[in-house]
Amino acid sequence: MIRRLRGELIGRAEGVVEVLTGDGVGYEIGVPLGLAGRLPPEGSEVELHTVLVVRDDAFELFGFETARDRELFQRLRVPSGVGPRLALAILGALRPERVVRAIRAKDHRTLQTVSGVGKKTAERIVIELADKLDDLGDVGDDPVSGDGVAAAAVQALRGLGYPRSQSEKAVSRALQGLAQAGDPDVGAEELVRRALRHV
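Numbering of residues begins from 1 in every chain and follows the order in which that chain's sequence is written. Only residues with pLDDT of at least 70 are given local features in this predicted model, and only at 80 or more are side-chain atom pairs given and counted; all residues enter the totals for whole chains, interfaces and linings. Processing note: side-chain calculations cover all non-hydrogen atoms of the structure and skip hydrogens and water entirely.

### Topic: empty space enclosed by the protein
Over the atoms, a rolling probe the size of a water molecule traces out where space has been left empty.
Link 1 in the chain: With a 1 Å grid spanning the protein atoms alone, the term cavity applies to any set of points in which a 1.4 Å probe fits but cannot get out, the term pocket to an open set with protein on both sides within 12 Å along at least five of seven lines, and the term lining residue to any residue with an atom within 4 Å of a point. Grid points are joined across faces, edges and corners, and a volume is the space filled by probe spheres set on the points. Evaluated as defined, the whole model comprises 1 cavity of 30 Å³ or more.
Link 2 in the chain: Around the largest cavity, the lining residues are R98, R101, A102, A105, D107, S165, E168 and K169.
Link 3 in the chain: By the criteria applied, helices consist of DSSP H or I runs no shorter than four residues and strands consist of E runs no shorter than two, each listed in order from the N terminus. Elements represented by at least two residues in the lining of the largest cavity include exactly α4 (96–104) and α8 (164–180).
Link 4 in the chain: Put simply, Ala, Val, Leu, Ile, Met, Phe, Trp, Tyr, Cys and Pro go in the nonpolar bin, Asp, Glu, Lys and Arg in the charged bin, and everything else, Gly too, in the polar bin. Of the residues contributing to the lining of the largest cavity, the split by class is 2 nonpolar, 1 polar and 5 charged.

### Section: the side chain of E168
Link 1 in the chain: Following the sequence through the fold, E168 ends up in helix α8.
Link 2 in the chain: For every residue, the accessible area obtained with a 1.4 Å probe (protein chains only) is divided by the maximum for its type, and the residue is called buried under 20%, exposed over 50%, and partly exposed between those limits. Among the residues examined, E168 registers a relative accessible area of 4% and is labelled buried.
Link 3 in the chain: Whenever two N or O atoms come within 3.5 Å, that pair is a polar contact, provided that in protein one can donate a hydrogen and the other can accept it, and provided that, for residues adjacent in sequence, both atoms are side-chain atoms. There is a polar contact of 2.9 Å between the side chain of E168 and the side chain of R101.

### Looking at the pattern of salt bridges
Opposite charge on two side chains lets them pair, provided their charged atoms get close.
Link 1 in the chain: Salt-bridge detection follows one rule: a side-chain nitrogen of Lys or Arg within 4 Å of a carboxyl oxygen of Asp or Glu. Here the structure, examined in full by the defined rule, presents 14 salt bridges.
Link 2 in the chain: The shortest N-O distance in the salt bridge between R95 and E97 comes to 3.4 Å.
Link 3 in the chain: Take E97: its relative accessible area is 14%, and that puts it in the buried class.
Link 4 in the chain: For R194, the salt bridge goes to E190, with nearest N and O atoms at 2.7 Å. With R194 and E190 both in helix α9 (residues 188–195) and 4 residues apart, this pair spans about one turn of that helix.
Link 5 in the chain: Counted as one network, the salt bridges with shared partners bring together R55, D57, E60 and R85.

Dropping the structure here:
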């Protein structure tokens with residue numbers, strides 16, 4: 001099992017990086033969307049927490065910023081229908097903290113915002129993992145995923161006395177409604193107004 005890999009970052013693309021280790025071996029590593037862009041410039045040393053997935057026809061290496069992200073990836077692969085590619089897509093579309101909150105809150109809709117995650121898959125993830133993430137720590141005060149407007153809307157709802165999970169669900173539903181209406185760009189005040197319809 002390759003659990004950690006350190007070396008020189010020699011190439012990157014969206015969703016994949018190449019790392020050259022000190023013994024001269026170059027590894028292609030699948031990473032969550034966005035991670036490649038957050039890594040230091042090429043030529044710099046990087047360290048990733050990794051998972052080696054062995055299939056009949058291939059060996060695939062996946063890398064993450066933290067051991068906690070790696071462990072969450074492993075848990076997401078447990079429900080049937082969720083392979084490594086879909087688990088990686090979930091962690092690329094949603095911050096790990098948001099994934100944990102959604103599963104604990106049994107928030108299927110947030111999971112369904114990820115391309116490739118349908119209603120049945122989202123429900124299966126929640127049913128199988130809702131009570132199996134406690135050891136990943138308390139994420140109640142972690143930053144809200146998404147842009148500043150969404151975070152500000154959640155904070156405004158919390159200021160009105162609504163719990164964090166309920167606030168995030170309401171904002172998520174409001175954002176989905178706006179996206180479906182073709183009007184995703186609104187200010188925090190309008191987003192709060194629309195989110196209040198869902199609390």
